[in-house]
Structures are given as C-alpha cells and as structure tokens.
Amino acid sequence: MTPTRKTPAVRLSTWGGHPELTEAEVPDPIGDEVLVRVEAAGVCHSDLHVLDARPGTLPYRLPFTLGHEIAGRVAAIGTEARGVTIGERVVVHGPWGCGQCRRCVAGQDNYCDRRAGLEWSGAGLGRDGGMAGHVLVPHARHLVPAGELDATQAAPLTDAGLTPYHAIAGLVDELGEDSAVAVVGVGGLGHLAVQLLRALTPSRVVAVDTREDALELAHSCGAHLGTLARADTADVLRAATGGTGFDAVLDFVGNDATLALGAATLRTGGTLVALGSGGGRLMIGKPGPLPQGATLSLPFWGTGPELHAVVALALAGKLRVATDVRPLTEAVQAFDDLRAGRVLGRVVLVPS
Ligand code: FEH
Ligand code: ZN
Ligand code: ZN
C-alpha cells in the first residue's frame, strides 16, 4: 500500500466561508488523467465570486481546491494519456466540459453543450484546482505546452490572457485602421487586453479606470490614452474618438455605471463586450441606450486552440503579464487584497 502523499492546498469547504490553507491528497492519475506539479496559480475575481456564492447558487460539490489559472510541469501520466511527457512545462486550459459534446471535442469546453448538467465549470471551479502543490487534469487535451515561459508568466495567460483574446478574436475583422476600442477596467484581464489589441489590431486603444496606477499600467502596455472614470467620462471618451464613438468597448468591470458608459460611447454598429461580472444591468430595447446596429457580446473564457495562440504570442514577446508573485501560503491575504482593490496586474501564487 503506497503511503498517501499530501500537498498544500487552498480549499473551500463551506459556502460563504473563508478559503482554508490545508492539505489534500496527491492523487495518482489513472486512464486519461495527467498529474501536474503546480508551479504557479493566478488569483482571479471569479474566485471571489465563488467564495461569496450563497449555498445552492453554484452546482459545485464542496470541498474543492481553488485555482483555475495554472502552470506547472507534468508529474505523472495515466496509462491512457497521450501527447505529454514527464517534466514538460504546461499550462492548463481551465474550463472542463463533458468531454463528449461537439463543443468539447473541438476544445471549446468553455461552451460545452452539456454545461447545465455538470457539477463543475473546470479546474478550481467545482473540481480540485491549482492553488495547490499538484493538480489532477482529466485529460491531456486540457494541457498546452508552455515552452520556456516562466510559470508565473504562463499561468495568467490561461484566463487573464485567454479571456480577452477570445473576445478580441471575434472583433478583429471589424477593427480597421480608423477604429478605436475602449478598455474599461485595467486589471488582470484589462492590461493584457490592451497588449492584445495593440498586437492584433490597428485600433486606437483608450483605457478607463478609477486608479492612476492602473492607467499608468495601461500606458506601459500600449494604450494611446488613459482617462479616470468620472462624471464626464462619456464626453471625454466620445471626444477621444472624434465624436463617432468606439467600434468596441471591452467592459472588464460590468457594473451599472460601466455598462451604461459603454452603451453611451459606442459607435453606431459597434460592439459592447461585457466581460466583467460586476452584477450590472443594461436595458436592451428600441429605443434604448445602445446605438443603432449595436452588438452585445457576453463571451466566456476561451478555447483550447485559442490558448495555444495566446502562449505563442507570449513566447514571441507580445504579451507581458504584470505579476504580483506571492507564496501559496499567502492566498487568503491575496484574496483580501484583490477584494479591496489593492492589486495591480495579477497576483500569482507559488507553492513552496
Ligand atoms: C470562471 C468561472 C466562472 C465565471 C467566470 C470565470 C472567469 O474567470 C473565466 O474567465
Ligand atoms: Zn478567472
Ligand atoms: Zn461538452
């Protein structure tokens, strides 16, 4: 009987409770499974939504280990697993679907057709995730080679990079030489959105945030203009587009004010992309706050093939994550800092 190996883990055991730094067993992979030794795990606002969820609002079974933004090395391989080698640097495509539907087979687990019947959304989201020393991945198809990327740079690509990439990929055909895009909220996802827009489109990029340091980060990421969110922001933004409005507004906050700002500054025929889960509401109607011809998009995370593209951009030096690297043992403080707005860029936790 092999002794049970333990790994440090940040786990949620009661709804509305605090995450606990505890230990979990290190499982042995069977069949298609792959065990990854975690080297870095990003901290996301969605983790806060999970921590704050009231009982019955998420289909997840407790307890589970948090962390859906993961990089590490392959540590062990199930007998049926193919395409990975021990010691290989990898990142984890975090949305895990049913694995059988047409979407999952195409690597689009973020849009699994059977999502409603699953008791999880992915790693750290109802299944044990990467805020731990090891994470068990159901299938090698969820692993993307990370090349020589440092794990603290690679982990945030799997969500903070992949989510804006997925949103922008759907817009590139609309964004020509004279286009302008607003990035509202320059946090973990927003600062990478600025870099992705500059790398993938000719657009003029305008950043909006409530913090001066976030606007400085946006500028360092290539934003052409940054403006503080104030009462006159809509006028400032429309003026920044010469009066026509933005071809796209990427709202990484998603509260009432930012959704209204996006609608008010959108060009006719423009796209409002609601990425932030700030609980905001926007009335849709004719007439209504959105301009004629507007498209409203509610993208969720991204696909496996897109994660390959994001890693390739990072390896090509087109993406640089502003990281705040901390030991895994400081996870609870990291959640508190994120909630209090004391984080710039992305907190990345590193197991000892
Ligand atoms: C994960 C789980 C649920 C909602 C949103 C998210 C995002 O962080 C993924 O990009
Ligand atoms: Zn996330
Ligand atoms: Zn599926």
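Above this text is the structure in question.
Residues numbered from 1 in each chain as written. Chains lettered and ligands numbered in written order. Predicted model: local features only at pLDDT ≥ 70, side-chain atom pairs only at ≥ 80, totals over all residues. Heavy atoms only, no water.

**Topic: the sheet that holds strand 4 (residues 64–65)**
Inclusion rule: Between any two strands, pairing holds if DSSP finds at least two bridges. Each helix corresponds to a stretch of at least 4 residues labelled H or I by DSSP, and each strand to a stretch of at least 2 residues labelled E; elements are numbered beginning at the N terminus.
Pairing in this open sheet of 3 strands is antiparallel, and the strands run 2-1-4 from one edge to the other. Every interior strand has two partners, whereas the edge strands, strand 2 (20–25) and strand 4, have only one. As paired elements, strand 1 (residues 6–12) and strand 4 share 2 bridges and run antiparallel to each other. Across the sheet, Leu12 pairs through a bridge with Phe64, a residue of strand 4.

**A closer look at the coordination of the zinc ion (ligand 3)**
Heads up, the rule is: Each metal's donors are the N, O and S atoms within 2.8 Å of it, or within 3.2 Å when it is Na, K or Ca, and because water is not part of the set, sites may look incomplete. Only two sets of limits are used to name each site, 85 to 135 degrees for every angle of a tetrahedral four-donor site, and over 155 degrees for opposite donors with all other angles from 65 to 115 for a square planar four-donor or octahedral six-donor site, with any other site named irregular. For every residue, the accessible area (1.4 Å probe, protein chains only) is compared with the maximum for its type, and the residue is labelled buried under 20%, exposed over 50%, or partly exposed between those bounds.
Taken together, Cys98 (SG), Cys101 (SG), Cys104 (SG) and Cys112 (SG) make up the full set of protein donors to the zinc ion (ligand 3), lying 2.3 to 2.4 Å away. Coordination at the zinc ion (ligand 3) is tetrahedral, judged from the 4 donor atoms that bind it and the angles of 103 to 117° they form at the metal. If you list the donors of the zinc ion (ligand 3) from N- to C-terminus, the spacing comes out as C-x2-C-x2-C-x7-C. By the burial criterion, Cys101 is buried, and Cys104 matches it.

**A word on the site of ligand 1**
So the rule is basically this: Only a single heavy atom is needed: when it lies within 4 Å of a molecule or strand, its residue is near that molecule or strand. Nitrogen and oxygen atoms within 3.5 Å of one another constitute a polar contact, given that in protein one can donate a hydrogen and the other can accept it, and given that sequence-neighbouring residues count only through two side-chain atoms. Nonpolar residues are Ala, Val, Leu, Ile, Met, Phe, Trp, Tyr, Cys and Pro. Charged residues are Asp, Glu, Lys and Arg, and all others, Gly as well, are polar.
Cys44, Ser46, His68, Leu125, Asp159, Thr163, Phe300 and Trp301 make up every residue found near ligand 1. Contacts to ligand 1 include His68, whose side-chain N or O atom sits 3.3 Å from an oxygen atom. Classifying every residue of the shell around ligand 1 by side-chain character gives 4 nonpolar, 3 polar and 1 charged.

**Here we look at the packing of aromatic side chains**
Rules: Only rings of Phe, Tyr and Trp enter the pairing, Trp through its six-membered ring, and a pair is recorded when the two centres are within 6.5 Å. The plane angle decides the type: under 30 degrees is stacked, over 60 is edge-to-face, the rest tilted. Either the NZ atom of lysine or the CZ atom of arginine qualifies as a charge over a ring when it sits within 6 Å of the ring centre and within 35 degrees of the ring normal.
Using the criterion set out here, one finds 2 aromatic pairs in the structure. Ring geometry for Phe300 versus Trp301: centroids 5.8 Å apart, planes at 80°, classification edge-to-face. A relative accessible area of 5% means that Trp301 is categorised as buried. Stacked on the ring of Trp120, the Lys or Arg Arg127 has its end atom at 4.7 Å from the ring centre.

**Description of the coordination of the zinc ion (ligand 2)**
Ideal values for angles at a metal depend on the geometry: 109.5 degrees with four tetrahedral donors, 90 or 180 degrees with six octahedral donors. At this site the zinc ion (ligand 2) is bound by Cys44 (SG), His68 (NE2) and Asp159 (OD), with donor distances of 1.8 to 2.2 Å. Given 4 donor atoms and angles of 99 to 116° at the metal, the environment of the zinc ion (ligand 2) is assigned as tetrahedral. Sequence spacing of the donors to the zinc ion (ligand 2): C-x23-H-x90-D. With His68 in the loop between strand 4 and strand 5 (70–77) and Asp159 in the loop between helix 3 (151–154) and helix 4 (162–169), this residue pair connects regions lying 91 residues apart in the sequence. An identical accessibility class is assigned to His68 and Asp159; each is buried.

Read these as spatial facts, not as claims about activity.
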